[in-house]
Amino acid sequence: MQWLASIAVLGVFALALAGIAVLLARFVLALEPGQQFLAAFPGEYRLPEGAPVGIPAWLNWSHFLNSFFLLFIIRTGWQVRREKRPAAFWSPRGNKKRRISLALWFHQAIDILWIANGVVFVVLLFATGQWMRIVPTSWEVFPNALSAALQYVSLDWPTENGWVNYNSLQQLSYFAITFLAAPLAIVSGVRLSGVWPKDAEKLNRWYPIEWARRLHFPVMLFFVAFIVVHVGLVLATGALRNLNHMYAARGSVDPEAYASDPTGLLIFAASLLVMAVGWVAARPAVLVPIARLFGDVKQR
């Protein structure tokens, strides 16, 4: 019961801090300098000429696959970190001495699919001009991101229409998750995996495995925090409209359009069902036969 009391105290403390932050943000924005700042930097800046409008279907699919793969990357990563007695071990056919847990094999297998999806996403992003929506093209992104943050904290959320343009805080967040966090996860994950050459002494000195261990887990926590905030704001800032953008490739320059269309919500619900089925199916009884297609598996 002591841990419940500790959680309750931390919860009350967090709510108190949140309340203070809201009041402080409202106070700042109510002052004349705050009003002038909002007028100069409303939260977003004009995209370059020729920037695409709308979210294509390929981006919807990539978004779903990214979510699906990340779910299992986080699950298996936590499992590997906490597992004491693995249920099964996997070895490549050409190297029986190398042995990893089934959970680690699944983690690395999903990593490969996630990376492949990411490569396709980045290629299409630059091939179609969609990169202009998530890569900052003006230094105005920083004061506008601060403006958007203040508006969010004050609970007077910025008017936005992701079909046309993300606000600057969203843009910086999507840029960071795509071009900073994802590469860091890959670079640190490769260093911890079996594909890293163990006999390359000079390479191992330049990039010690301890660095990768210290980096990999915090990056995972960053992904978790991003997902929680991202999903929360999607649902809180016009759920039907946002889900139509992200899952049904439906939207308009009119921010009020598709605000009552349930199509995106239904597709989102179907995607959650697929994730739930995958979560239940990701157990040794299902994974062992699949793992045996790529190597040898020994169960306890």
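Our structure's up above, just so we're on the same page.
Caption draft 1: Region of the structure containing the pattern of salt bridges. Enumeration according to the criterion identifies 2 salt bridges in this entry. Note that Arg46 is salt-bridged to Glu49, the shortest N-O span being 4.0 Å. The salt bridge involving Arg250 is made with Asp261; its shortest N-O contact spans 3.0 Å. Pair noted here: Arg250 is in the loop between helix H10 (239-248) and helix H11 (263-281) and Asp261 is in the loop between H10 and H11, with a separation of 11 residues, a long-range link. Owing to a relative accessible area of 16%, Asp261 belongs among the buried residues under this scheme.

Caption draft 2: Quick peek at a nonpolar patch on the surface. Taken together, the side chains of Leu24, Phe27, Val28 and Leu31 define a hydrophobic patch exposed on the protein surface, amounting to about 360 Å² of accessible area. Its location among the elements puts Phe27 in helix H1 (residues 2-30).

Caption draft 3: A look at the pairing of strand E1 (residues 88-91). Alternating positions in E1 separate into two faces, Ala88 and Trp90 on one and Phe89 and Ser91 on the other, with burial throughout. In terms of strand pairing, E1 meets strand E3 (residues 296-299) through 4 bridges, oriented antiparallel. Opposite Phe89, over in E3, you have Lys298 as the bridge partner. Inspection of the sheet shows E1 paired to strand E2 (residues 100-101) by 2 bridges, in the antiparallel sense.

Caption draft 4: Structural view of unusual backbone geometry. If you check the backbone angles, Leu155 has positive phi at about 70° while not being a glycine. Position of Leu155 among the secondary structure elements: in the loop between helix H6 (141-153) and helix H7 (168-192). We note that Tyr258 has phi near 60°; this positive angle belongs to a residue other than glycine. Here Tyr258 lies in the loop between H10 and H11.

Caption draft 5: Focus on the packing of aromatic side chains. Summed over the entire model, instances satisfying the criterion amount to 20 aromatic pairs. A ring pair is formed by Tyr174 and Phe226, whose centres lie 6.3 Å apart and whose planes are at 80°; its orientation type is edge-to-face. Separated by 52 residues along the polypeptide, Tyr174 in helix H7 and Phe226 in helix H9 (residues 209-236) bring together distant segments of the chain. Summarising the burial analysis for this pair, Tyr174 and Phe226 share the class buried. One aromatic cluster is present, formed by Phe64, Phe68, Phe69, Phe72, Phe106 and Trp279 through successive ring pairs. The lysine or arginine in question, Arg75, covers the ring of Trp279, its NZ or CZ lying 4.3 Å from the ring centre.

Thresholds, definitions, all that
- Residues numbered from 1 in each chain as written.
- Predicted model: local features only at pLDDT ≥ 70, side-chain atom pairs only at ≥ 80, totals over all residues.
- Heavy atoms only, no water.
- Salt bridge = Lys/Arg side-chain N within 4 Å of Asp/Glu carboxyl O.
- Helix = DSSP H or I, 4+ residues; strand = E, 2+ residues; numbered from the N terminus.
- Buried < 20%, exposed > 50% of the residue type's maximum accessible area, 1.4 Å probe, protein only.
- Patch = residues over 30% accessible without salt bridge, like charges linked within 9 Å, V, L, I, M, F, W, Y side chains within 5 Å.
- Areas by Shrake-Rupley, 256 points an atom, 1.4 Å probe, with all protein chains shown as cover.
- Pairing = 2+ DSSP bridges.
- Phe/Tyr/Trp six-rings, centres within 6.5 Å; stacked < 30°, edge-to-face > 60°.
- Lys NZ or Arg CZ within 6 Å of the ring centre and 35° of its normal.

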